[in-house]
Each structure stands twice: as C-alpha cells, then as structure tokens.
Amino acid sequence: MTNSTELLYVISGEDFASAGEASTSFKNELKKLNVSPEVIRRASIAMYEGEINMVIHAYGGTARVTVDDKDIKIVLADNGPGIEDVEKAMQAGYSTATDGIRDLGFGAGMGLPNMKKYSDEMTIETHEGEGTTVTMIVHREPEVS
Amino acid sequence: MTLQDINNLPDFTITCEGDNTLTVTDVFCCDMLSLAMSKGIEHAAWVTVMGGVNTLAVLRLTEMSCIILAEGVKPDDVMKQKALEEGIAVFTTDLSVFRAALKIHEALS
Ligand SMILES: Nc1ncnc2c1ncn2[C@@H]1O[C@H](COP(=O)(O)OP(=O)(O)O)[C@@H](O)[C@H]1O
Ligand SMILES: [Mg+2]
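Residues numbered from 1 in each chain as written. Chains lettered and ligands numbered in written order. Predicted model: local features only at pLDDT ≥ 70, side-chain atom pairs only at ≥ 80, totals over all residues. Heavy atoms only, no water.

J.: Any chance you could explain the overall build of chain B here in plain terms?
T.: The helix and strand inventory of chain B stands at five helices and five strands. Here the C-alpha atoms of chain B give a radius of gyration of 12 Å, agreeing with the 13 Å that 2.2 N^0.38 yields for 109 residues. With the principal axes as the frame, chain B shows a C-alpha extent of 30 × 25 × 25 Å. Scored against the burial criterion, the 109 residues of chain B give a buried share of 49%. In chain B, 47% of the contacts between residues at least 6 apart in sequence involve partners at least 24 apart. (Helix = DSSP H or I, 4+ residues; strand = E, 2+ residues; numbered from the N terminus. Rg over C-alpha atoms; globule rule 2.2 N^0.38 Å. Buried < 20%, exposed > 50% of the residue type's maximum accessible area, 1.4 Å probe, protein only. Contact = heavy atoms within 4.5 Å.)

See the structure below:
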C-alpha cells in the first residue's frame, strides 16, 4: 500500500495581502513529507504561479494537492472567466493583467510557462465564463529510462 | 555574515526587525516577482524596489534572508505590518539597486 496525503487550500480572489500563503503552507507540508529540495523548489514555483493566477485572473479558487510516494499532484480549480486562447496564454510574456496588477510586480506573462517548465505534466481545461482547471504533476524521482 | 552585519553598515536602515542572527551568503536583485520566485537564491539579501506585501511572500517561498528596499523606497503599511508579524527583516536605503547590492557584496567578501 502506498501512503498518500491530501491537502486542500482555498484561495480568495483579489486578496493580494494573503496571495502566496497557500504556496508557503504547501511548501512546508512537502518538507514534512521529506520531498527532496529540488522537487520542493519546482513544485512550489508551479503552485505559487497557479495560486497567483487564481487571485489576479479568476476571483480565487481551490488547490487540491495529493502527495504519494511517486508524485505530487496539484489541481487548481476556479470559477473565473476562463482562458480565451490557451495557446496564446502559454506564450512567455503574454499577459492580460492590468497596469494596477503590474505595479504589484505581477503580469510578466511567465506564470503559465513556468508552471509548464517546473512540472512534469500539465493540462488545462477551460471554458469561457465557467472557469479553469489546471492539473500539474511533479514526479518525486527523476524518470529512469 | 548575518543580518546584524547589514544593520551595522552605514547606508542601510532597518525598518522591520527580523531575526538578526540569520545568515546572508549572497545578494540577489530583481523586481519582477515571477522571476524572483524562480531565480531567488536561498539565504541571499534581496535588493528590490517592490515595497509591497507580495515581496514578502516571494521571500518566504525562496527562503532568502531579508529584503533591502533601494532607491529610497519605503515599505507600504500592509507590508510593514505583515513583515513585523512574520519576523521578516526589511531594510531601506537611498542607494540605487546596483550600489546597494555592491555594498552587500563587498561586505560579504
Ligand atoms: N486561472 C485563470 N483564469 C483566467 N485566465 C487565466 C488564468 N490563468 C491565466 N490566465 C490568462 O493567461 C494569461 C497568461 O497567464 P500567465 O502566463 O500566468 O501570465 P500573467 O499571470 O503574468 O498574466 C493571463 O494574463 C490571463 O489572461
Ligand atoms: Mg500568472
């Protein structure tokens, strides 16, 4: 039998003061679970970018995390506006963030590209006007081939 | 060196007290949070002009040692409050980002 840990985070929208708290708590949990530092680093960056996206683009949402012996799975679900053109959104530097958001240091258009880069698998399911679900998997050990 | 050593440098003023015994082993400069998040160096002193609460979240996640606000930037009230709550050290300086980083670098070597 494999051990598995489930974590749930509720992320509130437009709450910039607590943006990043879920990711910080997530990182601390991974440490307790003895995940290797490099995997923690990658998973935390991916989680942080996903958390920030839900705050700035989607009025908040939830992050469901499952950690087992092999993988860290992060499911970010929101009821936001959805992503109109996913291919475009995935391009480095593409952002619809407002000037106000940029003044806070966000909106560099590197979030989704970083999430893809730092996770091993990523899928985006999105429907206009309904919301977006981003699923990311980070392997705990490098693939042996 | 430790945060206390930065505190002793003439150009830097502590505006939020942290743990003065924390070690600093490097300097990092960046204002874009996404970039800082992926490139931030553990135990570095982070020199930036972003005096907002989100800088604190990135600092915590990257496990850098302190924030140094350059160019005379002051932390906004929310940042100040939160830094105090969480015991994160925030220094301010009138130096430019480059000059501030250089001073820390010199103090490190
Ligand atoms: N959860 C989301 N809901 C709606 N739109 C999103 C979401 N995440 C990303 N987007 C869209 O994709 C674009 C690119 O995202 P990203 O690469 O993270 O850059 P940034 O967040 O800096 O704008 C965003 O500007 C936004 O238009
Ligand atoms: Mg983003």
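J.: Teacher, can you tell me more about the packing of aromatic side chains here?
T.: Working definition: an aromatic ring pair is given by the centre-to-centre distance plus the angle between the planes. Residues and elements named next belong to chain B. In total, this model carries two aromatic pairs over all chains according to the counting rule given. Measuring from ring centre to ring centre gives 6.4 Å for F28 and W46, while their planes differ by 55°; the resulting arrangement is tilted. Remark: W46 occurs in strand β3 (residues 44-48) and F28 occurs in strand β2 (residues 26-29); sequence separation between them is 18 residues. With a relative accessible area of 9%, F28 lands in the buried category. (Phe/Tyr/Trp six-rings, centres within 6.5 Å; stacked < 30°, edge-to-face > 60°.)

J.: I tried to follow the sheet that holds strand β4 (residues 66-69) of chain B on my own but got confused; where do I start?
T.: Strand pairing in a sheet relies on backbone hydrogen bonds. The paired strands run either parallel or antiparallel. Residues and elements named next belong to chain B. One open sheet holds the five strands; their spatial order is β1-β5-β4-β3-β2, and the pairing between them is mixed. Single-partner strands in this sheet number two, and they are β1 (13-16) and β2. When the angles between neighbouring strand axes are averaged without regard to direction, this sheet yields 30°. Relative to β4, β3 runs parallel, the two being bridged by four bridges. Directly across from A45, in β4, lies its bridge partner C66. The strands touched by helix α4 (residues 77-86) within the sheet are β1, β4 and β5 (90-92), with β1 carrying the most contacts at an inclination of about 85°. (Pairing = 2+ DSSP bridges. Axes fitted to C-alpha atoms, helices over the stretch in contact; angles between N-to-C directions.)

J.: What should I look at first to understand the pattern of salt bridges in this one?
T.: Opposite charge on two side chains makes pairing possible when the charged atoms of those side chains draw close. Under the counting rule described, the total for this entry stands at eight salt bridges over all chains. When the shortest N-O distance is used, the salt bridge between A:R41 and A:E38 registers 3.4 Å. Placement of the pair is A:R41 and A:E38 together in helix α2 (residues 37-57), with a separation of three residues, close to one helical turn. On the accessibility criterion, A:R41 (34% relative accessible area) is partly exposed. In this structure, the salt-bridge partner of B:D11 is B:K103, at a minimum N-O distance of 3.6 Å. With B:D11 in the loop between α1 (3-8) and β1 and B:K103 in helix α5 (residues 97-108), the pair connects residues that are 92 residues apart, well separated along the chain. (Salt bridge = Lys/Arg side-chain N within 4 Å of Asp/Glu carboxyl O.)

J.: Help me understand the interface of chain B and chain A, please; the structure alone is not making it clear to me.
T.: At the junction of the two partners, chain B supplies 17 residues and chain A supplies 24 residues. Each partner contributes to the roughly 1600 Å² buried at the junction of chain B and chain A, and carbon and sulfur atoms together form 54% of this total. Linking chain B with chain A are three salt bridges. Put simply, chain B and chain A have ten residue pairs in polar contact (both at pLDDT 80 or more) between them. Contributions of two or more residues to the side of chain B that touches chain A are made by α2 (33-39), α3 (53-62) and α4 of chain B. Across the side of chain B that touches chain A, the residue classes break down as nine nonpolar, four polar and four charged. (Buried area = accessible area lost by both parts, 1.4 Å probe. Polar contact = N/O pair within 3.5 Å; in protein donor to acceptor, adjacent residues only side chain to side chain. Nonpolar A, V, L, I, M, F, W, Y, C, P; charged D, E, K, R; others polar.)

J.: Explanation requested: the sheet that holds strand β4 (residues 121-127) of chain A in the structure shown.
T.: Residue and element names in this part refer to chain A. Spatially, the five strands line up as an open sheet ordered β1-β2-β3-β5-β4, and their pairing is antiparallel. In the strand order of this sheet, the two ends are held by β1 (4-12) and β4, each with one partner. Averaged over all pairs of adjacent strands, the angle between strand axes in this sheet comes to 10°, irrespective of strand direction. In this structure, strand β3 (residues 71-78) lies alongside strand β5 (residues 131-139), joined through eight bridges in antiparallel fashion. Its bridge partner lying in β5, L76 is registered against V134. Together, β1, β2 (60-68), β3 and β5 form the strand contacts of α2, whose direction differs from that of β3 by roughly 5°. In the packing of helix α5 (residues 111-118) onto the sheet, the strands contacted are β3, β4 and β5, and the crossing angle to β4 comes to about 140°.

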